[in-house]
Amino acid sequence: MPDDLAEIYRTTYRALVRFLYRKVWDPDRAEDLAQECFARALVHKPDNARGWLFVVAANLARDEARKAATERRHLTLLKGEADAQAPAADEVAEAAADRDKVRAALDRLTPRDREALLLWDAGMNYDEIASQTGLAKGAIGTTLARARRRLVAAYEGSEGEHAARG
Amino acid sequence: MPHVDEGLLHAYLDGELTPVERARVDEHLAGCLACRTRLDEERQLIERASTLLGLATPSDRPSPPLSALARPRPRRFWHVRMPLAWAATVILAIGLGWKLADTNWGTPPIKTMEGPVASRQDEPAQPQPRSVPPPAADRGTFGRRATRPAPTLTQKSRRLDTTTADQIASNATGAAEERSGAGVAAPAPAAAPQRTLAPRMQAAELDEVRAALDSATARTILGREPLVIPGLPVRSITRSGRAPNEIVVIQSLDSTHVIALFEARHSMTQASAQRDRVSASDTRASAAAKAVSDTPPGRLIGDVMVEIQARVTADSLQKLLAKIKP
């Protein structure tokens, strides 16, 4: 096992899980996929392991999203019933509501802005984000500025809508 | 330097500018209140966005050691396929064996008293359909060697002398053929479904097959027509083998069940002694009889004692026995 990969695993695993979670929105699945990324890295031994891991993670999450889109159609009704049957505790429900709003706000971003923002939040620097997204490094600051502004606006907007409805 | 744009401000706040770029921005900010104000706004925006993303973070869990994620080398496909192929072969063989064991080769074997316990319960005996005529060669007799069920309730040791039986049979056959179709007690003996014995039976028990009795001989033994259950085809009438002057009438209850009627003049019947002999000399017959009933139901009709055995419930046996008309 290469030492650098062990070090990357130590420093990056949680970030990779977080990155994946914000794509698949399932903590267990995010863990599974993150471990899958490292398992593949152990086999392929990529040069730039960190960047490689996030590329693989993004691809896995994309595949996962395609599958989920298919399954979601079947699960919509079931989910509605389950939610109605098992009301969560207040704190958990509140956290879940916040998470859902962030998720909805992220969905309002363009894929490129969202990717840049999630990569930044996962600990990648501008060079790595540029490499990953194909953007020029000089454009990353602008992209992130736009992504952050839209995320906050979308979140506050949904809160505003919520307050107006409430 | 013109005002610092928001992309540059974010890169400045993210610490992603080169030292040269950073120095230039610092220089501008020092002399530009508007840009310093915007810098504060962007800093708050970044913090807010980061906080929001923090709301969408999975709870921390202990991560497994990296070594636990290492996979064994992928196996060559034949390493996986060979055990699967073997498993498939074994399952196929078992399935084929099962199927073959279940298959009736040609006609179903005739079930005798030794056959498996029947599921048939308490159903009234139905007359067999008579649309199919039996082969001409079999007309006029109650049965022939190859078409009779093996009288497995009897035993070799108690059998009639085969030569004598054959003589009786051969003498009787001519007479029976002359009277082909003549009324005998059976409602339609000629219409009894003719079956071939299963190969297993032919090989193992052919020597146990007793010569058929024609109705005249049967009458001589019993002093009257053999008693039968009306409406059921008679498959054979033979000597019982367990007493010199006892005959056994085999009738078909349905396609899988036969009924054995042991008939003897009452004066000659020593039922308990016979049963003792049966149980002592033939465990198979004893077991078969026991499975039906410890004491097979009997009925005295005129001076003929009729004992019935079949793989049905005792209640059904009594009902069948009651159907016999004097």
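By convention here, each chain's residues receive numbers from 1 onward along its written sequence. Chain letters and ligand numbers both follow the written order, the letters beginning at A and the numbers at 1. Residue-level local features of this predicted model are given only where pLDDT is at least 70; pairs of side-chain atoms are given and counted only at 80 or more, and the full residue set underlies all totals for whole chains, interfaces and linings.

**Some words on the overall build of chain A**
Going by this rule: A helix here means a DSSP run of H or I that spans at least four residues, while a strand means a run of E at least two residues long, and both kinds are numbered starting from the N terminus. The contact criterion used here is simple: two residues whose C-beta atoms, placed from the backbone, lie within 7 Å are in contact.
If you tally the helices and strands in chain A, you get seven helices and zero strands. Taken from the N to the C terminus, the helices and strands of chain A come in the order α-α-α-α-α-α-α. Sequence-distant contacts, at least 24 apart, represent 64% of the contacts inside chain A between residues at least 6 apart.

**So, the overall build of chain B**
Rules: To sort residues by burial, count the other C-beta atoms lying within 10 Å of each one's C-beta; a count of 20 or more means buried, 12 or fewer means exposed, and anything in between means partly exposed. C-beta atoms are built from the backbone.
A count of helical and extended segments in chain B gives 11 helices and five strands. Out of the 326 residues in chain B, the part that is buried amounts to 33%.

**As for the sheet that holds strand β5 (residues 304-310) of chain B**
Residues and elements named next belong to chain B. Operational definition: Pairing between strands is defined by DSSP: at least two bridges between the two strands are required. Between N-to-C directions, angles cover 0 to 180 degrees, with each direction set by a line fitted to C-alpha atoms, over the stretch in contact for helices.
Strands sit in the order β1-β2-β3-β5-β4 across an open sheet of five strands; the sheet is antiparallel. Edge positions in the sheet fall to β1 (234-239) and β4 (298-301), since each of these pairs with one other strand and no more. Averaged over all neighbouring strand pairs, the angle between strand axes comes to 20°, with direction disregarded. Strand direction decides the pairing type here: β4 and β5, joined by four bridges, are antiparallel. Across the sheet, residue I301 finds its bridge partner in β5, namely V304. Of the strands in this sheet, β1, β2 (246-252), β3 (258-265) and β5 are in contact with helix α8 (residues 215-222), which crosses β2 at around 130°. Relative to the sheet, helix α11 (residues 314-323) contacts β3, β4 and β5, its axis offset from that of β5 by approximately 140°.

**Looking at the environment of W25 of chain A**
The residue W25 of chain A is located in the loop between α1 (3-24) and α2 (27-44) in this model. When the C-alpha positions of W25 of chain A and A61 of chain A are compared, they lie 10.0 Å apart, and in sequence the two are 36 residues distant.

**Let's talk about α8 of chain B**
Residues and elements named next belong to chain B. The following threshold applies: Note that the arc is defined by the directions from the helix axis to the C-beta atoms.
Along α8, the positions that sit buried rather than exposed are S215, T217, A218, I221 and L222. Considered in projection along α8, the buried side chains sweep an arc of 160° and stay on one side of the axis. G223 occupies a position one or two residues after α8 and carries a positive phi of about 80°.

**Some thoughts on the interface of chain A and chain B**
The condition is simple: Polar here means any residue other than Ala, Val, Leu, Ile, Met, Phe, Trp, Tyr, Cys and Pro, which are nonpolar, and Asp, Glu, Lys and Arg, which are charged; Gly is therefore polar.
Each side of the interface is counted separately: chain A has 34 residues, and chain B has 28 residues. When residues of the side of chain A that touches chain B are traced back to their parent elements, those giving at least two are α1, α2, α4 (90-107) and α7 (137-165) of chain A. Among the elements that take part in the side of chain A that touches chain B, α7 of chain A stands out by supplying nine residues, more than any other. When grouped by side-chain class, the residues that make up the side of chain A that touches chain B number 20 nonpolar, four polar and 10 charged.

**Side note on the packing of helix α5 (residues 111-121) of chain A against helix α6 (residues 126-133) of chain A**
All names here are of chain A. Our working definition: By the definition used in this description, the sense in which the near helix is turned from the far one sets the handedness, with an anticlockwise turn below a right angle giving left-handed and a clockwise turn giving right-handed.
In the contact formed by α5 and α6, the axes pass within 10 Å of each other and the chain directions differ by 145°. In the crossing of α5 with α6, the sense of the turn from one axis to the other is right-handed. Residues R112, E115, A116, L119 and W120 of α5 form the contact with α6, whose own contacting residues are I129, Q132 and T133. By residue class, the composition of the contact of α5 with α6 is four nonpolar, two polar and two charged.

**Thoughts on the environment of L53 of chain A**
All names here are of chain A. Turning to its location among the elements, L53 is positioned in helix α3 (residues 49-85). The class for L53 is buried, based on 25 C-beta atoms found within 10 Å. Residues L53 and T12 lie 41 residues apart in sequence; the distance between their C-alpha atoms is 9.3 Å. Leave out the neighbours within four places in its chain, and L53 touches T12, L16, C37 and A41.

**With respect to the nonpolar core**
Note the following rule: Residues enter a nonpolar core if they are buried, belong to Ala, Val, Leu, Ile, Met, Phe, Trp, Tyr or Cys, and are joined to the set through C-beta atoms within 7 Å.
Grouped together as the largest cluster of nonpolar side chains are 52 residues, with contacts concentrated most on L16, L20, A34, C37 and A57 of chain A. Ignoring sequence-local partners within four residues, the contact set of A57 of chain A consists of L16, F19, L20, L33, A34 and C37 of chain A. V234, L253, A264 and V304 of chain B belong to the second largest nonpolar core, which has 31 residues in total.

**Brief notes about the packing of helix α1 (residues 6-13) of chain B against helix α3 (residues 33-55) of chain B**
To describe two helices that pack against each other, one gives the angle between their axes and the distance between the axes. Residue and element names in this part refer to chain B. Contact geometry for α1 and α3: axes closest at 10 Å, N-to-C directions at 65°. Taken as a pair, α1 and α3 cross one another with a handedness that is right-handed. Facing α1, whose interface residues are E6, L9, H10 and L13, α3 presents R38, L39, E42, R43 and I46. Considered class by class, the residues forming the contact of α1 with α3 number four nonpolar, one polar and four charged.

**Quick notes on α4 of chain A**
All names here are of chain A. Rule in force here: Each residue after the first adds 1.5 Å to the expected span of a helix.
Here α4 spans 25 Å end to end across 18 residues, near enough to the 26 Å set by a 1.5 Å rise per residue. For α4, the complete set of buried residues consists of K101, V102, A105 and L106. In a view along the axis of α4, the buried residues occupy a sector of 140°, so they form one face of it. Opposite its buried face, α4 presents the exposed residues V92, A93, A96 and D107, each directed more than 90 degrees away.

**Here we look at the confidence of the model for chain A**
What counts, and what does not: Each residue carries a pLDDT value, the predictor's own confidence for that position, ranging from 0 to 100.
The pLDDT averaged across chain A works out to 86; a share of 84% of its residues lies at or above 70. The weakest mean pLDDT in chain A belongs to α3 of chain A at 77; the strongest belongs to α5 of chain A at 96.

**As for the confidence of the model for chain B**
Residue and element names in this part refer to chain B. Confidence in the prediction for chain B averages 69 pLDDT; 54% of positions are at 70 or higher. Long-range and interchain partners of residues 111-209, a stretch whose pLDDT sits below 50, account for 172 contacts in this model, where long-range means more than four residues apart. Predicted confidence is poor over residues 285-293, with pLDDT under 50, and the contacts of this stretch with residues over four places away or in other chains come to 17 contacts. Here the prediction assigns the complex a pTM of 0.47, and the interface score ipTM is 0.85.

**What about the pairing of β1 of chain B?**
All names here are of chain B. Burial analysis of β1 places six of its six residues in the buried class, which makes it a mostly covered element. Sheet topology places β1 next to β2; five bridges connect them, and they run antiparallel. Note on β2: the bridge partner recorded for S236 is I250. Between the antiparallel neighbours β1 and β2 lie six residues, among them G241 with a positive phi of about 90°.

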